[in-house]
Amino acid sequence: MAYNEFAKVYDIFMDNVPYEDWSKYVIDLLREYNIKDGLVADLGCGTGKLTEILSAAGYDMIGIDNSDEMLNIAMENKSPKSNTLYLNQDMREFELYGTVKAIISICDSMNYMTTKEDLLTVFKLANNYLDPKGIFIFDMNTEYKYKNIGDETIAENRDEGSFIWENYYYPEEMINEYDLTLFIKNPSDSYDKFVENHIQRAYSLETIKELINEAGMDFVASYDAFTKNPVRSDSERIYIIAREKGK
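Definitions and cut-offs
Residues numbered from 1 in each chain as written. Predicted model: local features only at pLDDT ≥ 70, side-chain atom pairs only at ≥ 80, totals over all residues. Heavy atoms only, no water. Helix = DSSP H or I, 4+ residues; strand = E, 2+ residues; numbered from the N terminus. Polar contact = N/O pair within 3.5 Å; in protein donor to acceptor, adjacent residues only side chain to side chain. Contact = heavy atoms within 4.5 Å. Buried < 20%, exposed > 50% of the residue type's maximum accessible area, 1.4 Å probe, protein only. Pairing = 2+ DSSP bridges. Right-handed = clockwise from strand over helix to strand, strands pointing away. Core = buried A, V, L, I, M, F, W, Y, C linked by side-chain atoms within 4.5 Å. Salt bridge = Lys/Arg side-chain N within 4 Å of Asp/Glu carboxyl O. Axes fitted to C-alpha atoms, helices over the stretch in contact; angles between N-to-C directions. Parallel < 35°, antiparallel > 145°, perpendicular 65-115°, else oblique. Left-handed = near helix turned anticlockwise from the far one by under 90°. Nonpolar A, V, L, I, M, F, W, Y, C, P; charged D, E, K, R; others polar.

J.: Got a sec to walk through the side chain of T84? Specific residues and values, please.
T.: Tracing the backbone through its elements, the reader meets T84 in the loop between α4 (68-77) and β3 (85-88). Of the polar contacts made by the side chain of T84, one reaches the side chain of E52; its length is 3.1 Å. Excluding its chain neighbours within four sequence positions, the residues that come into contact with T84 are T51, E52, S55, M61, G63 and K78.

Pasting the structure below:
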């Protein structure tokens, strides 16, 4: 599910996300594998916040997202010095002009792959477009997080708009569903109502490892998010590092 109307207020309501800290963590991981510059693709780049930080850090970025609305905002916010190429593509079908040193996917974009087949497809594409021994870094929300969110409702009200976020978790399918109701201020100072539905899926670490191997990559590491610590039973977000085996 692409972010449509929510794209208009996404950065407003997501201003609690510490993009600078997240990007520093990703950059440190990239540099650990000697990726200090060159082409890097960002799958599910959204409004390009993290993409542009990496661009400013010296990487030649390619931002990929299937939401026109998100990419329009990314283009509007793009620095004049940035050389980021933004592509409107579904990550299950993305195409690049050649290979890249690394691929990243941050802020649980991989959880939107709600079948093993879709997740495997993305992994195979990542493997195909990575340089030999290239690195794929991505994060995922865990089942622990979804279970603890459970059936919960979150609401927030601001001058620019309001939202109601209703969460439902279905443990047998490991599916998490968000019903998002938005009230966005229009030029006449009244509010338009929009409704979006988002579905994510949790995957066990063992399943992720199996799919990485099936895609032809090597599983390298998994961390409790923003640390170098092993994944815990109560980790809410984890980072995975996979490597292309060598073409």
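J.: Go over the pairing of strand β4 (residues 100-105), please, and point to the residues and values.
T.: Within β4, five of the six residues are buried, which leaves the element mostly enclosed by the surrounding structure. Of the strand pairs in this sheet, strand β1 (residues 38-43) and β4 are connected by three bridges, and their pairing is parallel. Counterpart to A41 in the pairing with β4 is I103. This β-α-β element, β4 to helix α5 (residues 116-129) to strand β5 (residues 130-141), shows right-handed connectivity.

J.: If you had to explain unusual backbone geometry to someone new, which residues and values would you point to?
T.: In the Ramachandran plot, C107 falls in the positive-phi region, its phi being about 70° despite a non-glycine side chain. Tracing the backbone through its elements, the reader meets C107 in the loop between β4 and α5. A positive phi angle, close to 70°, is found at D189, a residue other than glycine. Inspection of the secondary structure puts D189 in the loop between β8 (175-185) and β9 (191-201). According to the relative accessible area criterion, D189 is exposed, its value standing at 55%.

J.: Quick one: what's the story with the nonpolar core, residue by residue and with numbers?
T.: Among the nonpolar cores identified, the biggest contains 33 residues, and L96, I103, M110, F123, F136, F138 and I208 are the most heavily contacted of them. Here the element with the most residues in this core is α5; it accounts for seven residues. Among all residues touching I208, those that are not within four sequence positions of it are F123, F138, M140, Y203, I238 and I240. Core analysis: the next-biggest nonpolar cluster, separate from the first, contains 25 residues, Y19, L29, I53 and I135 among them.

J.: Any details on the pattern of salt bridges? Residues and values, ideally.
T.: Taken as a whole, this structure holds twelve salt bridges when the rule is applied. The residue K24 makes a salt bridge to D28 at a minimum N-O spacing of 3.1 Å. With K24 and D28 both in helix α2 (residues 19-32) and four residues apart, the pair spans about one turn of that helix. By relative accessible area, which is 52% here, K24 ends up exposed. Here R92 makes a salt bridge to D118, at a shortest N to O gap of 3.3 Å. Of this pair, R92 sits in the loop between β3 and β4 while D118 sits in helix α5, and the two are 26 residues apart along the sequence. Salt bridges linked by common partners bring D90, R92 and D118 together as one network.

J.: Mind laying out the packing of α2 against helix α3 (residues 49-56), listing which residues take part and the relevant values?
T.: Their axes nearest at 10 Å, the elements α2 and α3 cross at an angle of 55°. The orientation of α2 relative to α3 falls into the category oblique. Handedness of the crossing formed by α2 with α3: right-handed. On α3, the residues touching Y19, E20, W22, S23, V26, I27 and L30 of α2 are K49, L50, I53 and L54. A class-by-class count of the residues in the contact of α2 with α3 yields eight nonpolar, one polar and two charged.

J.: Provide a residue-level description of the sheet that holds β4, including the pertinent values.
T.: Read from one edge to the other, the open sheet built from seven strands follows the order β3-β2-β1-β4-β5-β11-β10, with strand pairing classed as mixed. Edge positions in the sheet fall to β3 and β10 (217-224), since each of these pairs with one other strand and no more. Direction aside, the axes of adjacent strands within the sheet are offset by 20° on average. Summarising the sheet, β10 and strand β11 (residues 237-244) pair through seven bridges and their orientation is antiparallel. Bridge pairing in β11 links S222 to I240. Sheet strands in contact with α4 are β2 (59-65) and β3, and its direction is about 165° off that of β3. Across the sheet, helix α7 (residues 205-214) is in contact with β5, β10 and β11; its angle to β10 comes to roughly 155°.

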